[in-house]
Amino acid sequence: MQATETEKQVTQEKSASMKALVFRGKNQISLEEVPIPRPGFGEVVIRVTLTSICGTDIHIVRGEYPVRPGLILGHEPVGVIHEVGPGITGYKVGDRVLVGAITPCGQCNFCLSGNWSQCGGSIGGWKFGNTIHGAHAEYLLVPYAQANLAKVPDDLTFEQVVLLADIASTGFSAAESADVELGDTVAVFAQGPIGLCATAGAKLKGAGLIIGIDSDPVRQRFSLRMGADIILSHERTDVVEEIKRITRGRGVDVAIEALGTQTTFENALKVLRPGGTLSSLGVYSGKLSVPLEPFAAGLGDHKIVTTLCPGGKERMRRLIELVQRGRVDLRPLLTHHFSLENIVEAYELFGERRDGVIKVAITP
Ligand SMILES: [Zn+2]
Ligand SMILES: [Zn+2]
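Residues numbered from 1 in each chain as written. Chains lettered and ligands numbered in written order. Predicted model: local features only at pLDDT ≥ 70, side-chain atom pairs only at ≥ 80, totals over all residues. Heavy atoms only, no water.

**Re the packing of aromatic side chains**
Logical step 1: Applying the stated criterion across every chain yields a total of two aromatic pairs.
Logical step 2: The interplanar angle of 40° and the centroid separation of 5.1 Å between the aromatic rings of Tyr65 and Trp126 together place this pair among those described as tilted. Taken together, the positions of Tyr65 in the loop between α2 (55–61) and β4 (71–72) and Trp126 in the loop between α3 (109–112) and β7 (139–142) put the pair 61 residues apart, joining distant regions of the chain.
Logical step 3: Classification of Tyr65 by relative accessible area gives partly exposed; the value is 25%.
Logical step 4: Taken together, a centroid distance of 6.0 Å and an interplanar angle of 90° make the contact between Phe265 and Tyr284 edge-to-face. In this pair, Phe265 is assigned in helix α10 (residues 262–270) and Tyr284 in the loop between β13 (272–280) and β14 (303–306), connecting sequence segments 19 residues apart.
Logical step 5: What makes Phe265 buried here is its relative accessible area of 4%.
Logical step 6: A cation over an aromatic ring shows up here: Arg96 above the ring of Phe158, its NZ or CZ 4.5 Å from the ring centre. (Phe/Tyr/Trp six-rings, centres within 6.5 Å; stacked < 30°, edge-to-face > 60°. Helix = DSSP H or I, 4+ residues; strand = E, 2+ residues; numbered from the N terminus. Buried < 20%, exposed > 50% of the residue type's maximum accessible area, 1.4 Å probe, protein only. Lys NZ or Arg CZ within 6 Å of the ring centre and 35° of its normal.)

**With respect to the coordination of the zinc ion (ligand 1)**
Logical step 1: Protein coordination at the zinc ion (ligand 1) comes from Cys54 (SG), His75 (NE2) and Asp166 (OD), with a distance range of 1.8 to 2.2 Å.
Logical step 2: Considered as a linear motif, the donors of the zinc ion (ligand 1) on their single chain read C-x20-H-x90-D. One end of the pair, His75, is in the loop between β4 and β5 (78–84); the other, Asp166, is in the loop between α5 (158–161) and α6 (167–177), with 91 residues separating them in the sequence.
Logical step 3: Residue class for His75 comes out buried when judged on its relative accessible area of 3%. (Donors = N, O, S within 2.8 Å, 3.2 Å for Na, K, Ca; no water.)

In structure tokens form, the structure reads like this:
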């Protein structure tokens with residue numbers, strides 16, 4: 001017994017460090033050796049098998065969203081359970097799991113009011129790579145694991161589900177928050193990764209006509225693939241006029257903003273029919289103002305809704321269901337593959353939007 005315990009300790013000490021991408025300050029990230037996390041009560045450590053880089057990670061690196069130096073970035077993990085802390089039931093070492101970018105506690109006032117993403121307070125559900133160490137590492141400590149581990153069925157690959165953690169959950173939620181109805185006309189402003197998933201979400205929700213707006217030819221092609229019927233380029237046409245023409249002056253039932261700029265927000269409002277819903281996903285900076293004419297001076301019965309990526313294991317289970325039944329296939333969005341070794345290079349390519357990149361898959 002004694003010997004076994006010592007052997008265990010030796011093995012643990014040997015493998016007690018891992019590679020992780022650490023944020024050191026504005027435009028400073030590096031792959032470093034750091035200790036493998038150990039789970040406390042209610043926590044689980046997973047071995048990350050696949051992850052991706054989000055636009056938000058780029059904002060962090062550029063100093064546009066503040067996080068503390070020394071933090072491991074990344075919030076899109078799939079992996080295999082490596083160690084289970086006390087207080088966890090129904091999970092064991094070796095289980096394949098998907099963890100949402102948002103990890104709600106499931107216990108606080110906000111969670112119990114149904115606002116899982118706002119767990120503990122404003123934007124509080126987003127913990128990985130924001131307030132606690134993230135997924136750009138070989139191992140990841142999952143907080144409130146009982147509420148946040150969704151098992152990945154054996155017949156699905158990690159590639160099929162990794163994008164559910166963030167961009168698919170966020171993108172789809174735009175159509176869900178707007179209560180898209182069968183036959184609705186939906187315009188999606190910007191066809192980056194999130195906008196493409198918003199387009200797919202509008203299709204899943206039964207929109208009758210989906211108009212994708214983006215000037216990038218690669219993104220235009222992806223938009224059609226994800227469910228857009230019509231593509232408009234704001235560089236070539238007056239998008240607002242064109243959408244009014246397409247809808248015979250009526251306007252769209254739902255306009256989704258998936259970029260986070262004053263212009264796209266305004267255009268989304270300008271193409272909205274009276275009583276329509278502007279569903280906003282963008283992350284804005286500075287100041288956002290509402291133009292009064294398209295807002296009908298506040299008398300147009302418009303709804304403006306915002307959504308932060310829904311997380312938690314039940315959300316992930318539902319999204320996995322969509323993939324497993326073939327309702328949606330996100331693999332084409334993984335346009336580039338890198339090993340964790342080369343993640344800094346992946347950040348550069350993704351950040352500069354080179355080579356028609358949509359999303360990068362990172363394998364630790
Ligand atoms: Zn993200
Ligand atoms: Zn909570």
